[in-house]
Amino acid sequence: MTIIGARLLSHFGVNERAGSICSLAIFMLKRLKSRAPIAAVAFLIFCAKAAPAPETKSDLLQFLDGSAMHGRLKELEGTKGLSWEHPEAKGLIELTAAHIDYIRFAQAGSVSATPGCHFRFANGDDLYGTLTSLNQDQVGLATWFGGEVKIPRAALQSITFLSKAYKVLYEGPTDDSGWEIGRTSPAYWTYRDGAFIGTGPGALGRDVQLSGSSSIEFDLAWTTAFELLVNIYSESYEHLDYGSHSYFIELTPEQIGLQRVHAGANPSNLGNAAMPSLKDKSKIRVTIFANKEEGTVAVLVDGVLVKRWKDSNGFGGAGHGILFYVMRPGMAIKLSNILVSAWDSKFEPVGSAGVRTNNDAVSFINHDRAGGKIETLQDGKVGLVFGGRHLNVPLERITQIDFAATNAAAAAHGPGEVRAWFPGGGSLSFKLEKWDDTHIAGQSEVFGPLAFQPRSIRELEFNLDRPKETPGRVERDELEGLDE
Amino acid sequence: MNWRGWMNKFLARSGLLWLALCLFIPQGWAQLQIIGNGQTTIKMATVPALKTAAGNASFGTKDALVFRNGDLLYGQLLGIDAEHGIRWSHADSTQPIEFKSDNVVAIDFPAQPVPSFPADSPCRVRFNNEELLDGNLISADAQTLTLDTWQAGKLKLQRSSLQSITLISQAPAVFAGPTGKEGWTSGKSAVAAAADSGEWIYRNGAFYAAKAASIARDLKLPDVAEIQFDLAWKGSLYVAIALYTDSLQPVNLVSKENEPDFGGFYSLQINGTFLDLKPITKHDPLRSLGQLIIPSLGEKPRAHLDLRVNKPKGTIAFFINDALVIEWKDPQGFIGQGTGMRFVHQGMGAAKLSGLRITQWDGQMPVPSAETNIMTQDVAWLRNGSHSAGVIEGIQNGKLIIQGALGKSEVSLAEIRQIDFTAPKSPAIASGNVRATLTQGASLTFQLEKWTPEGVVVSSPNFGQATFKPAAFTKLQFGLSPAERKQGAVKSDLE
């Protein structure tokens, strides 16, 4: 089904503007590795039971088997386990962490930082910080949590250099404030536990203050299938508006399509691309790069570029908002980890190279990419060896460095190791030693001793190497309600 | 025959044959008119609500505790009482967890094997509040009826609380199931995209499909057969059921001439509230024996379906929730050339098929109650199609004693299909704080006094205090509102 013909002509006013949520400057591809597809279970259960959201914001403890409970983490110590406060339990619940998928914290705050780089690690972690040095063995970086450290170069997979104009426009959802939900009866969008659930043909939108080039990213999970329309640079937030200037991106399990919408004219179909295989998947991360200066829209799935379209008529987005629209009834989807950011057109993100090679690679701001050997960082220039020639390239000309593959990628996570996901982006795995109301202590193989404030972690993932997707569990939710 | 055998016949009646009728029929059929050709008799336009709740609430091997806010915990129920609330064992917790029951909405239990329970007069009792209970009918007098159950032993039911009793035929079944996927053949939808194709999965006595899928089996359908099954669905119900087919693979009706050879069969198509029966042969044009709209299929997401096929007469009668909907007659004679069935999920919504039961049918169509005009008296409906009306004085030694206009008579319970009691003498009863679904699909509302691994103590105006075996239950629902209590089992059907 295409979006053509779904034209709706009603108009609504502009709504409240979204504020910039996070002070930690971050950049795209926050979660290239799709975590825990079984997280979809919670929302599917929710769909089936139409359970009301918890009255107050509370943490969420999700088990590997798909079960979950709200409450509050009181204490967690090493491998001993954790104490959980549940509103309906008569006392604290003492649990081992053996079957916990993750804990999502409702009161996570933001972290102030102005990183220049996004570091991706071979073990799946990613962090925002500043590159301070680089040689054949080590990389120096400054992080918001640990000052300047030197880490083995082999631990790094890539470094993306962030635009100076980079700005987070929206990160969430943490609630439904600022969002417009289409006036259907019943309402087809519901907020719960950091996600919006869409169950039928209806719109969900908000003003995110888009103006120049931008990234729009989100996790998309589904039950049986999905047909989702993403309207970027939209001027309306609670209905599809074919009377303005914007782009429609249609996502289905088979393909991704792009349309340009012009006021007073029929939408222009800019073409389709095949959706990467979704076999055995129930969740993907979708990233959209809109480059206003170059008139392009690119779509990445799980960090890998699917297609970059160029609009021969120049960039056609005039609105400031984003809008999601479920195209068909009976298709429950979940949107979470939405991140909208603005950047300088020259610094369009590259995305993952997909398959790593034995050579380093450098991506330039003119979209060229070259393979060779990266040697040093000195005086703001990167020393490269390409085809036997030594070059010193100013950092301003480089958008991304991909390091040659190493064995570090295959390293398994140790027992008791968790991965923290930070507000505003980034994740770090470490051995958790203690968590209480005031501080978190841990040990990282890469960074050494760690200390955080509890509010600096949005989500804590456990059992990193255990399988988290069991079809039976998903089926339980798809079929929940068929049994009496 | 033991208890399980006859109960499976009656309850688990889910014979689902979803034909790979690959005609995708879009939504919007509400405008269709009923098409009655000369050979089709439409006996009834509306269908009463399904009143049986079948199936098992729990999918895994663990109990599931569900809270009002959507929280869900797997584990094991250790006990319920006033002092401790709900005591729960969780695999990751070293100590039992005690929960207040205020915001617990349900506990699901995995299905337990039903023990052997010999019965001379197996039956299903329906109370005035639409609740159901299965057992062996022992005796009755003017005030009470004694029912022996495997779950709670002998119960004395108040006759004033009874609406009807259905006696279950002990005739052997040609097929009763499903009990697994063994013997069944999965097929791929001929029209669904690969990403939208799936398979029926088996779990706890039922097949489930959430994507386009086909499953088929040679069920050795008799020439004169009764085919019963239960369907439940989420979203839309789009299924096709092949009857008397010799092919275990779905057939794309749009291009059937190009399909591998297959013998004639009938395709029963249910698309939302739209119903159609098509005789299908490889080379003849498609034709319909009659289409109709079944509004009740849009009202509740479950139904009990019953097909009564008379091959020599070329007729197929279709019942939904025990009410005759239509009787089709093929003017060209019966074209079904096989003895198998195929159930094809058409890719929309999720569906559950259970309780498939196939029996030899005696060819007798039931007499609709509307034709009897005797609703002011107790009525015993006999298996031969006749009935006896009057005042039921009692049941003793396997015989029903009824005082009719022509005097007192005795009828063997074996000859009786159903007993309807006169209009309810008591209103639907607000009978408790917990609604329970029993292992075989029956349901009760009662006051839960105590749950221990040894027994579940409950009380109900319908049967007083009783102690049930914990294995009797597949689901407990808590926190019923006053309105929900009054509605009794009807509410559970709507969920």
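Here the structure is a predicted model, which means the values were calculated and not measured.

Colleague: What exactly am I supposed to notice about the overall build of chain B here?
Modeller: Looking only at helices and strands, chain B features three helices and 35 strands. The proportion of buried residues among the 495 residues of chain B is 58%. Sequence-distant contacts in chain B: of pairs separated by 6 or more residues, those separated by 24 or more amount to 68%. Surface exposure of chain B reaches about 18,600 Å², of which carbon and sulfur atoms provide 50%.

Colleague: What should I look at first to understand the pairing of strand β27 (residues 369–378) of chain A in this one?
Modeller: One face of the sheet, then the other: side chains in a regular strand alternate in exactly this way. Residue and element names in this part refer to chain A. Bridging between strand β26 (residues 360–364) and β27 involves four bridges; their strand directions are antiparallel. Opposite V362, over in β27, you have A370 as the bridge partner. For β27 and strand β28 (residues 381–386), the ladder comprises five bridges, and the chain directions are antiparallel. Bridge pairing links I374 to L384 in β28.

Colleague: Please explain the packing of aromatic side chains as it appears in this structure.
Modeller: How two aromatic rings sit relative to each other is given by the distance of their centres and the angle of their planes. Scanning the entire structure with this criterion turns up 29 aromatic pairs over all chains. With a centroid separation of 6.2 Å and 85 degrees between ring planes, the pair formed by F289 of chain A and W343 of chain A is classed as edge-to-face. Of the two residues, F289 of chain A sits in strand β21 (residues 283–291) while W343 of chain A sits in the loop between β25 (333–342) and β26, which places them 54 residues apart along the sequence. Of the two residues, F289 of chain A and W343 of chain A, neither departs from the other in class, the shared state being buried. Between Y266 of chain B and F334 of chain B, the aromatic rings sit 4.9 Å apart at their centres with planes inclined by 50 degrees, giving tilted as the arrangement. Here Y266 of chain B is found in strand β18 (residues 265–271), whereas its partner F334 of chain B is found in the loop between β23 (323–329) and β24 (340–345), with 68 residues between them in sequence. Of the residues examined, Y266 of chain B reaches a relative accessible area of 1% and is grouped as buried. Among the aromatic residues, those joined into a cluster by ring pairs are F109, F446, W451, F463, F468 and F473 of chain B.

Colleague: Can you walk me through the pattern of salt bridges in this structure?
Modeller: Between side chains of opposite charge, a pair can form when the charged atoms approach closely. Counting across every chain of the model gives 30 salt bridges over all chains. Here E75 of chain A and K434 of chain A are joined by a salt bridge, their closest N and O atoms 2.8 Å apart. One end of the pair, E75 of chain A, is in strand β2 (residues 68–77); the other, K434 of chain A, is in strand β32 (residues 427–435), with 359 residues separating them in the sequence. Look at K434 of chain A and you get partly exposed, because its relative accessible area is 24%. A salt bridge links D276 of chain B to K278 of chain B; the nearest nitrogen and oxygen atoms lie 3.0 Å apart. With a relative accessible area of 1%, D276 of chain B lands in the buried category. When salt bridges that share partners are traced, they join E217, D219, K283 and R285 of chain A into one network.

Colleague: Looking at this structure, how should I read the sheet that holds strand β19 (residues 274–280) of chain B?
Modeller: Neighbouring strands of a sheet are bound in pairs by backbone hydrogen bonds; such pairs are parallel or else antiparallel. All names here are of chain B. Taken in spatial order, the seven strands of this open sheet run β12-β15-β24-β17-β18-β19-β20, and their pairing is antiparallel. Both outer strands of the open sheet, β12 (185–187) and β20 (291–293), are each paired with one neighbouring strand and no more. Along the sheet, successive strands turn relative to each other by an average axial angle of 15 degrees, direction set aside. Two strands pair when backbone bridges link them, and β19 and β20 are joined in this way by three bridges, in the antiparallel orientation.

Colleague: Honestly, unusual backbone geometry in this entry has me stumped. Any pointers?
Modeller: Glycine aside, residues mostly have negative phi, and peptide bonds are mostly found in the trans state. Put simply, G172 of chain A and P173 of chain A share a cis peptide bond, and its omega is 0 degrees. Relative to the helices and strands, P173 of chain A is located in the loop between β11 (167–172) and β12 (180–181). The peptide bond linking G177 of chain B to P178 of chain B adopts the cis configuration, its omega dihedral lying at 5 degrees. As for its position among the elements, P178 of chain B is in the loop between β11 (173–177) and β12. Of note, N337 of chain A is a non-glycine position whose phi angle comes to about 50 degrees, a positive value. The topology assignment puts N337 of chain A in strand β25. For N337 of chain A, a relative accessible area of 6% gives the class buried. A positive phi angle, near 55 degrees, is found at Y244 of chain B, a position not held by glycine. Among the secondary structure elements, Y244 of chain B is positioned in strand β17 (residues 238–245).

Colleague: Just checking my understanding: could you explain the confidence of the model for chain A for this structure?
Modeller: As a general rule, the predicted coordinates of low-pLDDT regions are not to be interpreted in detail. Residue and element names in this part refer to chain A. Mean pLDDT over chain A: 79, with 80% of residues reaching 70 or higher. Predicted confidence is poor over residues 1–55, with pLDDT under 50, and the contacts of this stretch with residues over four places away or in other chains come to 184 contacts. Per-residue pLDDT stays below 50 along residues 469–479; that stretch engages in 40 contacts with residues further than four places along the chain or on separate chains.

Colleague: I'm lost on the sheet that holds strand β20 (residues 268–274) of chain A in this one. Help?
Modeller: All names here are of chain A. Strand order in the open sheet made by the seven strands is β12-β15-β24-β17-β18-β19-β20, with antiparallel pairing throughout. The sheet is open, and its two edges are formed by β12 and β20, each paired on a single side. With five bridges connecting them, strand β17 (residues 228–234) and strand β18 (residues 246–251) associate as antiparallel partners. Paired with V230 across the bridge in β18 is I249.

What counts and what doesn't
- Residues numbered from 1 in each chain as written.
- Chains lettered and ligands numbered in written order.
- Predicted model: local features only at pLDDT ≥ 70, side-chain atom pairs only at ≥ 80, totals over all residues.
- Heavy atoms only, no water.
- Helix = DSSP H or I, 4+ residues; strand = E, 2+ residues; numbered from the N terminus.
- Buried < 20%, exposed > 50% of the residue type's maximum accessible area, 1.4 Å probe, protein only.
- Contact = heavy atoms within 4.5 Å.
- Areas by Shrake-Rupley, 256 points an atom, 1.4 Å probe, with all protein chains shown as cover.
- Pairing = 2+ DSSP bridges.
- Phe/Tyr/Trp six-rings, centres within 6.5 Å; stacked < 30°, edge-to-face > 60°.
- Salt bridge = Lys/Arg side-chain N within 4 Å of Asp/Glu carboxyl O.
- Axes fitted to C-alpha atoms, helices over the stretch in contact; angles between N-to-C directions.
- pLDDT = per-residue confidence, 0-100.

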